[in-house]
Amino acid sequence: MLKLLEQIRGIVNKTQVFKSIFRHGYPDTDGNRALVMFSNVILHLHPVRVQRGALKIKFTWCLGGLTFFFFIMLAITGVVLMFYYVPDTRRAYNDIRDLGTVIYFGSLFRAVHRWSAHAMVFSVWMHMTRVFMTGSYKPPREFNWVVGVILLVTTLVLSWTGYLLPWDQLALWAVTVGSKMAEATPFIGASGPFGPELGRNSGNDMAFALLGGTVVGQSALLRFYVLHCLALPLITALFIAVHFWRIRKDGFSGPL
Amino acid sequence: MSDQASDSLSSSPKKNSLAELIKKTALKKIGPEDTVLVWPNLVYLELICMMVATAILLFLSLVSPAPLEELASADTTPNPTKAPWYFLGLQELLVYFDPWLAGMVLPTFIIIGLILIPYVDPNPLGKGYYTFKERKFSMLGFGFGLSLWWILILIGVFFRGLDWSWYWPWDDPHVHMPAGAVKLIDLQIILQNTLGLSEAPLVTLGRYAVTIGNLITWALFLGFYAVGFTVPFIFFRDFYRRLGFVRYNVMMFFFISMMGVPMKIFLRLLADVKYVLVTPWFKF
Ligand code: HEM
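Residues numbered from 1 in each chain as written. Chains lettered and ligands numbered in written order. Predicted model: local features only at pLDDT ≥ 70, side-chain atom pairs only at ≥ 80, totals over all residues. Heavy atoms only, no water.

## A few points about the overall build of chain B
- Of regular secondary structure, chain B possesses nine helices and three strands.
- When the elements of chain B are put in sequence order from the N terminus, they spell out α-α-β-α-α-α-α-α-β-β-α-α.
- Burial status across chain B gives 40% buried among its 284 residues.
- Counting only contacts in chain B whose residues sit at least 6 apart along the sequence, the fraction spanning at least 24 positions is 61%.
- For chain B, the accessible surface area stands at approximately 16100 Å², while carbon and sulfur atoms represent 72% of it. (Helix = DSSP H or I, 4+ residues; strand = E, 2+ residues; numbered from the N terminus. Buried < 20%, exposed > 50% of the residue type's maximum accessible area, 1.4 Å probe, protein only. Contact = heavy atoms within 4.5 Å. Areas by Shrake-Rupley, 256 points an atom, 1.4 Å probe, with all protein chains shown as cover.)

Here it is as structure tokens:
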């Protein structure tokens, strides 16, 4: 059986189609194993060789990689959810309910999306903790730590904006708690220190900008939807790209 | 690796640690025999990681699907209203601080503080490996902040129930806790009463009536920072010298502010202090 598979692979590897895609043989020789790292857009995020110690699971605990994996998982399941969801306060809740009742695998996609979100928030904290504990933020990696902190924030905000979309009680009130805090921002919140003195009221303050109104309503739902499905994922992806680029440029801090 | 040598110069550590560093650097010469090919070694590891993670996600999703409560309604406020778990630490802080602090200023401090870490830590040791011994202060400082964050989250998730009261796991979550008998008082009132100070304002600045008690709370508040800045400066000269003027002051500002958070929590819990400092525009 194995032999047969290998024969098939041998034939496939020689076809014009395979060569046109991969431009080198199957990575079972050192030469091809190096080539695959150069020529594959995803794999070229890696160097060709790493220090032996960098492979130690007990160093990274795979946490950065896992965070990225959860992000990809969220993007995939998120696209599927977007097919069925309309950010209209009159139907958003029912769209989400339909996912659980009438759409094939709707409940599964939603559950995976939600669990991945929890997992990503958790793993990004753990990844940061690991990077701190191994002192990997020290020169020359200071800036990548800064990029990391930005990623931590966008991850949290992504998760939080998604929380509103089901438009159930949990969603509405969790976001209301947050908007109350925005209202209390110093200088730019209507109830924050020096806010009223500077002319902030409920119609022109921070919370108004966030919600597009004075209460969590249709404009807030639309804003959160656009932020959650478009703006924040793009920003996060951009910073992840910078993050990975810098890991390559700065070198991995791994053990001796 | 050359970068190690250069940062030891730019951050000017003590002489003996420089010597140590050079020794380490010499050891760190890596040849091809210390490295392995990424394909298959790392790529396969990542693949396995992803498959395990997928399996766990699928398992969790099947066991516990995403919740959906009743349709959102502005007319019925759930009790308690909880933010998502990762923000419950901040929400828990609302018990002790006004929203502008708990929801805006402290999170901003956390973010800026995190960003500054690499720029205020000049210690070249402990880069790329786990060590406590070689960087005790930064480990303890970071560990302290992180524990605070997670402990507050755990409290918010597991111990807060109706009316945001404290519920032990064995308490009935559907029965309201009796309203607390404690009255929270501002620190300046406590001072006024215990020291027998006059309530009459010394000066009035617009809406702000400045009493003696109020001035004392200002002195205490500023004194907290002043002591925090001065004590290490005097007693840990080495520490100060390693950091330098700018790093020291930036780092200490965030460090002292961080220590202020549990201090305020204890003042509230042990002495029923509502606000440490009161002005017409902000209180904390
Ligand atoms: C969306 C969030 C993030 C993703 C996808 C991500 C991904 C990664 C990956 C894949 C690595 C390679 C090593 C590893 O797996 O541990 C890495 C390294 C690193 N990350 Fe992140 N990260 C994220 C957030 C953060 C945060 C929040 C910080 C810190 C505040 C951070 C700081 C760093 C640093 C300094 C390195 C280099 C570590 C070294 O050389 O040892 N990252 N990141």
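From this point, things continue past the structure.
## Notes on the interface of chain B and chain A
- If you look at the interface, chain B gives 83 residues, while chain A gives 84 residues.
- For the pair chain B and chain A, the two sides together bury roughly 7600 Å², of which 73% comes from carbon and sulfur.
- Here R207 of chain B ties to E197 of chain A by a salt bridge, and the two come within 2.4 Å at their closest N and O atoms.
- Across the chain B-chain A interface, the total number found is 29 residue pairs in polar contact (both at pLDDT 80 or more).
- At the level of elements, α1 (2-10), β1 (35-37), α3 (38-63), α4 (88-93), α5 (99-120) and α6 (136-158) of chain B are the ones that each hand at least two residues to the side of chain B that touches chain A. (Buried area = accessible area lost by both parts, 1.4 Å probe. Salt bridge = Lys/Arg side-chain N within 4 Å of Asp/Glu carboxyl O. Polar contact = N/O pair within 3.5 Å; in protein donor to acceptor, adjacent residues only side chain to side chain.)

## Focus on the pattern of salt bridges
- With the rule as written, the count across this model stands at eight salt bridges over all chains.
- One salt bridge connects D250 of chain A with R246 of chain A, and the closest N-O pair in it is separated by 3.6 Å. A residue pair is termed a helical-turn pair when its members lie 3 or 4 positions apart in one helix, as D250 of chain A and R246 of chain A do in helix α11 (residues 218-250) at four residues.
- You can call R246 of chain A partly exposed: its relative accessible area is 24%.
- Between R241 of chain B and D238 of chain B there is a salt bridge, and its shortest N-O distance comes to 3.4 Å. Here the residue R241 of chain B and the residue D238 of chain B both occupy positions in helix α9 (residues 237-271), the gap between them amounting to three residues, near one helical turn.

## So, the coordination of the iron atom of the ligand
Residues and elements named next belong to chain A.
- Bound to the iron atom of the ligand on the protein side are H127 (NE2) and H243 (NE2), at distances that span 2.0 to 2.1 Å.
- For the iron atom of the ligand, the six donor atoms are set out with angles of 86 to 179° between them, so the coordination reads as octahedral. Of the two residues, H127 is situated in helix α7 (residues 106-133) and H243 in helix α11; the sequence distance between them amounts to 116 residues.
- Of the residues examined, H127 reaches a relative accessible area of 17% and is grouped as buried. (Donors = N, O, S within 2.8 Å, 3.2 Å for Na, K, Ca; no water. Tetrahedral: all angles 85-135°; square planar, octahedral: opposite > 155°, others 65-115°.)

## Section: the side chain of H113 of chain A
Residues and elements named next belong to chain A.
- Structurally, H113 is set in helix α7.
- Since its relative accessible area comes to 16%, H113 is described here as buried.
- A polar contact is formed between the side chain of H113 and the backbone oxygen of L74, at a distance of 3.4 Å.
- Excluding its chain neighbours within four sequence positions, the residues that come into contact with H113 are L74, T77, G78, L81 and H228.

## Topic: the nonpolar core
- One finds W125, W145 and W167 of chain A together with L93 of chain B to be the most contacted residues of the largest nonpolar core, which totals 75 residues.
- Discounting residues that sit within four places of it in the chain, L93 of chain B has contacts with A102, L106, L152, V261 and I265 of chain B.
- L74, V112, A119 and F244 of chain A belong to the second largest nonpolar core, which has 19 residues in total. (Core = buried A, V, L, I, M, F, W, Y, C linked by side-chain atoms within 4.5 Å.)

## Considerations on the site of the ligand
All names here are of chain A.
- In the neighbourhood of the ligand, 24 residues make up the surrounding shell, with H127, R130, G148, H243 and S253 lying closest.
- Here an oxygen atom of the ligand sits 3.3 Å away from a polar atom, N or O, in the main chain of G65.
- In the model, an oxygen atom of the ligand is placed 3.4 Å from a nitrogen or oxygen of the R141 side chain.
- Where the shell around the ligand is concerned, the elements lending two or more residues are α5 (63-84), α7, α8 (142-164) and α11.
- Classifying every residue of the shell around the ligand by side-chain character gives twelve nonpolar, ten polar and two charged. (Near = heavy atom within 4 Å. Nonpolar A, V, L, I, M, F, W, Y, C, P; charged D, E, K, R; others polar.)

## Notes on the domain arrangement of chain A
- Domain boundaries assigned for chain A yield domain 1 (1-49) and domain 2 (53-164 + 216-250).
- Each of domain 1 of chain A and domain 2 of chain A was reduced to a C-alpha centroid, and the two centroids are 31 Å apart. (Domains from an automatic or database assignment.)

## A short note on α5 of chain A
- For α5 of chain A, which comprises 22 residues, the first-to-last C-alpha distance of 32 Å matches the rise-based estimate of 32 Å (1.5 Å per residue) to within 8%.
- L63, L66, T67, F69, F70, F71, M73, L74, T77, G78 and L81 of chain A are the residues of α5 of chain A that are buried. (Expected span 1.5 Å × (residues − 1).)

## Quick notes on unusual backbone geometry
- A cis amide bond links P139 of chain A to the next residue, P140 of chain A, at an omega of 5°.
- Mapping P140 of chain A onto the fold places it in the loop between α7 and α8.
- Positive phi is not limited to glycine here, since R23 of chain A has a value of about 65°.
- Relative to the helices and strands, R23 of chain A is located in the loop between α2 (16-22) and α3 (30-39).
- Using a relative accessible area of 67% as the deciding quantity, one classes R23 of chain A as exposed.
- Despite not being glycine, D272 of chain B has its phi angle at roughly 55°, a positive value.
- By secondary structure assignment, the location of D272 of chain B is in the segment after α9.
- Judged by relative accessible area, D272 of chain B falls into the partly exposed class, the value being 24%.

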